[in-house]
Amino acid sequence: MTTSKDSQAPSVAEGMGRFERYLSLWVALAIVAGVLLGQFAPAVPETLSRFEVAQVSIPVAILIWAMIFPMMAQIDFSAVLGVRRQPKGLVITTTVNWLIKPFTMFAIAWFFLMVVFRPFIPEPLASQYLAGAILLGAAPCTAMVFVWSYLTRGDAAYTLVQVSLNDLIMLFAFAPIVVLLLGISNIQVPWDTVALSVFLYIVIPLAAGYLTRRTLIARHGAEWYDNVFMKKVGPITPIGLIITLVLLFAFQGDVILANPLHIVLIAIPLIIQTVLIFFIAYGWAKAWKVPHNVAAPGAMIGASNFFELAVAAAIALFGLQSGAALATVVGVLVEVPLMLALVRIANKTRHHFPAAAEAAP
Amino acid sequence: MAIAISRRAREFIQRKGGVVTVRLAPRHGCCGGMASLAVADAVEPDDPAGYRHLEREGIRVYLAPELVDEGLSVDLEGWGIFRHLYVDGAPLKR
């Protein structure tokens, strides 16, 4: 599979290794492996679930930190000072990510899960899936957007600034948005539970990542940090993700075996939301005559999600066996093929946008 | 091997010792994958032999070979201790 040749964009094979190109397959295999583990070796998840402190599962916390820490360790918050460089792009992406995306996700997921699919999904379970969708909607992509930006020949400096800005906003906006939308959905989650999950899975990895970055760069230099340390630490995220999924589905086995169709039903609103958000941001950028190398990464960041955070929050708030955790995983399942389709659309429509030099102020 | 360095960036680099390294820094995707973006640091590279170098208005520039023909510009942004160099003009690379 390649992106359009006439756009001179890199091919998917150039931009993505085998692991990430076939992520959906590995996620599907993790689901099968987890279900088999739960069914044939139930002692494993039972034993792991015993290691709890203050209702926080230690093995799960370690896996979640393994997923999130490498992403936090590569954030350069000083890049946020570049916000003045592409103001239109940043207005679009910030508005779409924080004022539109969480609410369209809630509305679309509510409509499908609570109304359209009502005959197929019992209401308590539908509410759990809705909660998972809300968590996905409140967590825009934080790292994968560099790959999507590369595949659409996005502006590297702009991509870095928008990621830093979104990460900073996420620190303050994720919890209030989640609490607000869960409240509207009549899904009661105590504030202290949300605050604990934000502290455990955003604040701690973020602070650890920031301190690690500062300390190691001061000691060994930025080049060593990027090319030696991050080269070793960066790949831990997808490995942590897959192991977490195996563990999660070891607990979810009975739910999946009883309702295999639910995975498809959950995927439908998530796919619609992804495509809608992409076109809102992309269309807005077109209307504002934003250059394509800003419009494409600006649309990709909202369309894609920070799955590790959504999975972590779902597990922390609702548990490994919850429908919310399952819904966030379905997001991971459809992510890569869907985003690659949007990459193709962005590359094929490049000629509708001004080139960077034409659009410069 | 064209590279433009703004006046503010030049002054900043000169205060830091008159050397700048422009290189690729990898960013890892959460679902795997990686893309590299061009960054500039006002320090000597770890392995100067792995870079092309040139003198530009009193500044020694070390440029990663992959960035030689990109027509880059180096500028300065931020304030106080948060001031840092940034690179414009290079697309993300694998």
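Residues numbered from 1 in each chain as written. Chains lettered and ligands numbered in written order. Predicted model: local features only at pLDDT ≥ 70, side-chain atom pairs only at ≥ 80, totals over all residues. Heavy atoms only, no water.

Draft legend 1. The side chain of A:Thr244, seen in detail. Residue and element names in this part refer to chain A. Considering the arrangement of structural elements, one finds Thr244 in helix H12 (residues 236–258). The class for Thr244 is buried, based on a relative accessible area of 3%. When sequence neighbours within four positions are dropped, the list of residues in contact with Thr244 reads Leu63, Met67, Val311 and Ile315. (Helix = DSSP H or I, 4+ residues; strand = E, 2+ residues; numbered from the N terminus. Buried < 20%, exposed > 50% of the residue type's maximum accessible area, 1.4 Å probe, protein only. Contact = heavy atoms within 4.5 Å.)

Draft legend 2. View of the nonpolar core. With 136 residues, the main nonpolar core has A:Trp148 and A:Phe174 as its most contacted residues. The contacts of A:Trp148, once residues within four sequence positions are left out, are A:Met16, A:Met300, A:Ser304, A:Glu335, A:Val336, A:Met339, A:Leu340 and A:Val343. Listed in part, the 27 residues of the second largest apolar core include B:Phe12, B:Val20, B:Tyr62 and B:Leu63. (Core = buried A, V, L, I, M, F, W, Y, C linked by side-chain atoms within 4.5 Å.)

Draft legend 3. Fine view of the interface of chain B and chain A. Across the contact, 31 residues belong to chain B and 42 residues belong to chain A. Both faces combined, the contact of chain B with chain A buries some 2900 Å², and carbon together with sulfur accounts for 58% of it. For the chain B face of the interface with chain A, the top three residues by lost area are B:His28, B:Cys30 and B:Cys31, together amounting to 26%. Between A:Asp226 and B:Arg23 there is a salt bridge whose closest N-O contact spans 2.9 Å. Our count for the chain B to chain A interface comes out at 6 residue pairs in polar contact (both at pLDDT 80 or more). Among the secondary structure elements, those contributing two or more residues to the side of chain B that touches chain A are strand S2 (19–28), strand S3 (34–41) and strand S7 (84–88) of chain B. Of all the elements, S2(B) adds the most residues to the side of chain B that touches chain A, at 6 residues. Across the side of chain B that touches chain A, the residue classes break down as 17 nonpolar, 6 polar and 8 charged. (Buried area = accessible area lost by both parts, 1.4 Å probe. Salt bridge = Lys/Arg side-chain N within 4 Å of Asp/Glu carboxyl O. Polar contact = N/O pair within 3.5 Å; in protein donor to acceptor, adjacent residues only side chain to side chain. Nonpolar A, V, L, I, M, F, W, Y, C, P; charged D, E, K, R; others polar.)

Draft legend 4. Region of the structure containing a nonpolar patch on the surface. Residues and elements named next belong to chain A. A cluster of nonpolar side chains, contributed by Phe51, Val53, Ile58, Ile62, Trp65, Leu196, Phe199, Val203 and Ile204, occupies part of the molecular surface with about 760 Å² of accessible area. Those elements that place two or more of their residues in the nonpolar patch are helix H5 (58–73) and helix H10 (191–220). Counting residues per element, the nonpolar patch draws most heavily on H10, at 4 residues. Along the chain, Phe51 turns up in the loop between helix H4 (43–49) and strand S1 (52–53). (Patch = residues over 30% accessible without salt bridge, like charges linked within 9 Å, V, L, I, M, F, W, Y side chains within 5 Å. Areas by Shrake-Rupley, 256 points an atom, 1.4 Å probe, with all protein chains shown as cover.)

Draft legend 5. Quick peek at empty space enclosed by the protein. All names here are of chain A. In this structure the tally under the stated criterion is 3 cavities of 30 Å³ or more. Taken as a whole, the largest cavity encloses approximately 70 Å³ of empty space. Lining the largest cavity are Met105, Leu136, Leu270, Thr274, Ala303, Asn305, Phe307, Gly331, Val334, Glu335, Leu338 and Met339. Those elements that place two or more of their residues in the lining of the largest cavity are helix H13 (261–287) and helix H16 (323–348). (1 Å grid on protein atoms, 1.4 Å probe; cavity = no way out; pocket = protein on both sides within 12 Å on 5 of 7 lines; lining within 4 Å. Points joined across faces, edges and corners; volume = space filled by probe spheres on them.)

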